[in-house]
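Architecture and fold: a report
This is what each chain is made of:
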Amino acid sequence: MTSVWPLLTLCRASAQPLSGWCVLNLTPYIPILFMLAIVVITAVAMLGLSHGLGLLIGTRHKTPVKQSPYESGMPVLGDARERFSVKFYLVAMLFILFDIETVFMMPWAVAFQQMVADRLFLLVEMLVFVFILAIGYLYVWKRGALQWD
Amino acid sequence: MTPELKGFVLVAVVKTAAVFTFLMLLVAYSTLLERWIASWMQDRIGPNRAGPKGLFQPIADGLKNLLKEEVIPDGANKVFFVIAPAISLMAALIIPLTIPWAAPIPLEFDMTLPVLGRFVHHGATPATVTVLPIGFLWVLAISSVGVYGIALGGWASNNKYSLLGGLRATAQMVSYEVAMGLSVIPVLLLVGNVSFVEIVSVQQQGPFSWLALPLALSAFIFLVSGFAETNRVPFDMPEAESELVAGYHTEYSAMKFSAFMIGEFTGMVTISMMFVTLFLGGWDIPFTHWDEAGGMLQVVATAGVFFVKMLFFLFLFMWIRWTLPRFRYDQLMALGWKIFIPMGLAYILYIAVALWLVDGPLGAASTALRFGLLFLFNIPVLVLVFRVLDRGRLIRGVSVHLPASASRPARAV
């Protein structure tokens with residue numbers, strides 16, 4: 001299966017210690033392309049059909065009141081794109097930091113199971129990493145970045 | 001193209017179409033299920049007009065939403081307003097592709113079609129649309145894409161409720177994604193592979209080798225994060241109707257609203273499937289090795305078992321909706337950032353040390369012994385978390401501790 005579609009696979013032919021080892025085998029992603037196509041067609045069909053049928057059969061009455069943003073029946077005050085709490089930006093930044101830690105831990109976890117002989121070394125490495133992470137985490141906590149009031 | 005590749009593509013097309021149809025039907029009927037369960041729990045009559053027992057209700061709802069008038073509010077960014085529900089829907093629907101739902105399907109054919117040529121398939125095909133080498137990282141990666149739909153929809157509506165709902169939803173989903181990512185790392189530690197197929201096969205090795213036992217705290221964090229990721233009660237902050245009307249989809253009508261709903265329900269289905277696969281053995285039938293032998297009967301039986309397990313979690317989502325009140329927003333963020341993240345990190349290290357001890361000095365030979373020892377390691381952690389640290393404050397929710405005199409039953413006069 002790997003070498004039949006040269007466009008989608010980057011396999012090393014042979015020789016070298018890594019004989020037959022695929023650098024990047026994209027064949028498993030072919031079904032994902034199908035699903036992507038189905039899903040895009042579904043989304044376009046659903047929204048398009050709704051729009052088309054609404055034009056054909058449905059009633060459309062545009063009134064200024066109906067077109068105005070909903071504010072519990074009161075007249076609209078100003079624009080909705082106002083300033084909002086800086087907390088949301090903080091959460092976004094902290095998310096990037098911590099999500100990268102998570103992603104970093106995944107290969108470590110896989111290696112931990114497979115490299116049985118080096119487990120103590122891997123364990124100490126991760127302890128050091130988490131210790132540094134914990135210092136940053138405590139700093140963020142003490143500065144009140146996790147506090148919502 | 002060789003006949004083998006053509007056979008693979010043909011099988012892939014059939015499986016994709018089947019999974020897509022099944023997902024759409026399941027999602028449509030889970031909306032009905034939700035309304036049935038709601039009516040049952042509130043002791044009232046649920047939907048019963050469209051068809052026998054209201055069985056055609058999802059179809060009626062779909063048709064109604066197709067014909068509804070679309071309202072796009074003034075000042076809304078039209079492009080993003082239309083794209084947002086589509087993103088939400090598409091991202092949700094391509095996630096469950098990689099989850100195996102049954103034992104491998106035996107499939108042998110060698111046929112020649114008039115124009116297309118020869119198709120060959122030998123051996124068994126896995127009962128999932130595709131087996132990706134990145135395994136469940138695909139699920140984690142694509143589930144982040146769904147955030148774009150909600151954030152864009154909230155922002156594009158030009159409505160203050162929508163904007164706040166979208167912001168809250170984004171912050172919440174992003175926060176719990178970290179917790180969820182941390183909670184699956186112990187699974188990697190134990191299995192040593194990201195592939196779903198491997199994860200399921202590890203859990204088939206013994207009667208008690210479902211990962212929910214040796215990784216109990218991970219399972220708990222994953223389930224709670226899953227509720228938060230899908231914006232379900234008790235974490236339905238983005239749609240808190242008493243504060244934000246309907247949150248990010250306040251301004252949405254007709255099929256665009258349906259698209260958001262389908263996205264949300266598909267999210268629930270995905271989380272249920274993920275939990276079953278990661279922690280409850282996937283399609284494994286416990287206490288028997290009969291299901292691993294292969295053959296068509298096994299495929300049907302294992303698919304049924306997987307479906308039942310998944311339905312239980314769908315039911316749990318709806319059960320909890322009518323059981324627990326909503327969190328406050330600061331409590332929600334504190335639970336994610338101050339409790340689950342440090343707890344997840346500490347648990348990863350704990351499991352790593354436990355694994356090193358079990359495989360090294362303790363020298364457990366069999367899988368059953370390894371998992372049993374790991375479960376023993378979990379008992380002090382569970383006691384620590386639920387009895388000592390929690391003390392009935394958070395996990396048991398808003399229990400009010402009445403004074404002794406108040407809890408005495410009233411005497412009949």
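Residues numbered from 1 in each chain as written. Chains lettered and ligands numbered in written order. Predicted model: local features only at pLDDT ≥ 70, side-chain atom pairs only at ≥ 80, totals over all residues. Heavy atoms only, no water.

Re the overall build of chain A
Within chain A one finds 4 helices and 2 strands. Secondary structure elements of chain A occur, N-terminal to C-terminal, as β-β-α-α-α-α. Taken across its 149 residues, chain A has 32% of its residues classed as buried. Across chain A, every contact between residues at least 6 apart in sequence was considered, and the portion connecting residues at least 24 apart equals 30%. Of the roughly 9,900 Å² of accessible surface on chain A, a fraction of 72% belongs to carbon and sulfur atoms. (Helix = DSSP H or I, 4+ residues; strand = E, 2+ residues; numbered from the N terminus. Buried < 20%, exposed > 50% of the residue type's maximum accessible area, 1.4 Å probe, protein only. Contact = heavy atoms within 4.5 Å. Areas by Shrake-Rupley, 256 points an atom, 1.4 Å probe, with all protein chains shown as cover.)

With respect to the interface of chain A and chain B
Frequently, the measure chosen for interface size is the accessible area removed from exposure when the parts meet. Counting residues at the interface gives 69 residues for chain A, matched by 89 residues for chain B. Note on chain A versus chain B: buried area summed over both sides is about 7,000 Å², and carbon and sulfur give 75% of it. For the pair chain A and chain B, the number of links is 0 salt bridges. Connecting chain A to chain B are 6 residue pairs in polar contact (both at pLDDT 80 or more). At the level of secondary structure, the elements contributing two or more residues to the side of chain A that touches chain B comprise helix H1 (30-56), helix H2 (64-67), helix H3 (87-114) and helix H4 (119-142) of chain A. Sorting elements by how many residues they give to the side of chain A that touches chain B places H1 of chain A first, with 18 residues. Considering only residue class, the side of chain A that touches chain B consists of 46 nonpolar, 15 polar and 8 charged. (Buried area = accessible area lost by both parts, 1.4 Å probe. Salt bridge = Lys/Arg side-chain N within 4 Å of Asp/Glu carboxyl O. Polar contact = N/O pair within 3.5 Å; in protein donor to acceptor, adjacent residues only side chain to side chain. Nonpolar A, V, L, I, M, F, W, Y, C, P; charged D, E, K, R; others polar.)

Considerations on the packing of helix H1 (residues 3-41) of chain B against helix H2 (residues 57-67) of chain B
All names here are of chain B. Close contact between H1 and H2 brings their axes to 8 Å; oriented N to C, the two are set at 110°. Classified by the angle their axes make, H1 and H2 are roughly perpendicular. Both H1 and H2 take part in a crossing whose hand is right-handed. Packed against H1, whose contacting residues are Ala28, Tyr29, Thr31, Leu32 and Arg35, the element H2 presents Gln57, Pro58, Ile59 and Asp61 at the interface. (Axes fitted to C-alpha atoms, helices over the stretch in contact; angles between N-to-C directions. Parallel < 35°, antiparallel > 145°, perpendicular 65-115°, else oblique. Left-handed = near helix turned anticlockwise from the far one by under 90°.)

Quick look at the pattern of salt bridges
Residue and element names in this part refer to chain B. Here the structure, examined in full by the defined rule, presents 7 salt bridges over all chains. Residue Arg232 pairs with Glu34 through a salt bridge whose shortest N-O separation is 2.9 Å. Placement of the pair is Arg232 in the loop between helix H7 (216-229) and helix H8 (241-244) and Glu34 in helix H1, with a sequence separation of 198 residues. The pair formed by Arg232 and Glu34 is uniform in burial state, with each residue classed as buried.

A look at the environment of Ile150 of chain B
Residue and element names in this part refer to chain B. As for its placement among the helices and strands, Ile150 is situated in helix H4 (residues 137-156). C-alpha of Ile150 to C-alpha of Ile87: the two residues are 63 residues apart in sequence and 8.6 Å apart in space. Ignoring anything within four residues of it in the chain, the contact list for Ile150 reads Gly166, Ala169, Met173, Asn231, Tyr248 and Phe260.

With respect to the packing of aromatic side chains
Summed over the entire model, instances satisfying the criterion amount to 26 aromatic pairs over all chains. Both rings, one in Tyr70 of chain A and one in Tyr161 of chain B, keep their centres 6.4 Å apart while their planes meet at 40°; by these two values the pair is tilted. Linking Tyr70 of chain A in the loop between H2 and H3 with Tyr161 of chain B in helix H5 (residues 160-191), this pair reaches from one chain into another. Judged by its relative accessible area of 39%, Tyr70 of chain A is partly exposed. A ring pair is formed by Tyr350 of chain B and Phe377 of chain B, whose centres lie 6.3 Å apart and whose planes are at 75°; its orientation type is edge-to-face. Of this pair, Tyr350 of chain B sits in helix H11 (residues 329-359) while Phe377 of chain B sits in helix H12 (residues 367-389), and the two are 27 residues apart along the sequence. In this structure Phe377 of chain B comes out as partly exposed when scored by relative accessible area, which is 22%. Taken together, the ring pairs connect Phe222, Phe275, Phe279, Phe312 and Phe313 of chain B into an aromatic cluster. Lying over the aromatic face of Tyr329 of chain B, Arg168 of chain B brings its terminal NZ or CZ to 5.2 Å of the ring centre. (Phe/Tyr/Trp six-rings, centres within 6.5 Å; stacked < 30°, edge-to-face > 60°. Lys NZ or Arg CZ within 6 Å of the ring centre and 35° of its normal.)

Some remarks on helix H10 (residues 296-321) of chain B
Residue and element names in this part refer to chain B. Here H10 spans 38 Å end to end across 26 residues, near enough to the 38 Å set by a 1.5 Å rise per residue. Those residues of H10 lying buried are Gln298, Val299, Thr302, Phe306, Lys309, Met310, Phe313, Leu314, Leu316, Phe317 and Met318. Buried residues along H10 sit against H1, strand E1 (105-106), H7 and helix H9 (254-279). (Expected span 1.5 Å × (residues − 1).)

So, the nonpolar core
Ranked by size, the top nonpolar core spans 126 residues in total, and within it Trp108 of chain A together with Leu189, Phe235, Leu278 and Phe279 of chain B carry the most contacts. Counting the residues that make up this core, at least three belong to each of domain 1 (6-67) and domain 2 (87-142) of chain A. Apart from the residues within four sequence positions on either side, Trp108 of chain A is in contact with Leu122 and Met126 of chain A together with Leu189, Ile348 and Ala352 of chain B. Core analysis: the next-biggest nonpolar cluster, separate from the first, contains 12 residues, Phe81, Val147, Ala156 and Phe260 of chain B among them. (Core = buried A, V, L, I, M, F, W, Y, C linked by side-chain atoms within 4.5 Å. Domains from an automatic or database assignment.)

Description of the confidence of the model for chain A
Residue and element names in this part refer to chain A. When the pLDDT values of chain A are averaged, the result is 78; 83% of them are 70 or greater. By mean pLDDT, the top-scoring element of chain A is H4 (89), and the lowest-scoring one is strand E1 (residues 9-11) (50). The low-confidence segment residues 1-7, where pLDDT is below 50, has 13 contacts with residues more than four positions distant or belonging to other chains. Confidence drops under a pLDDT of 50 for residues 12-20, and excluding neighbours within four residues, the segment shows 6 contacts in the predicted structure. (pLDDT = per-residue confidence, 0-100.)

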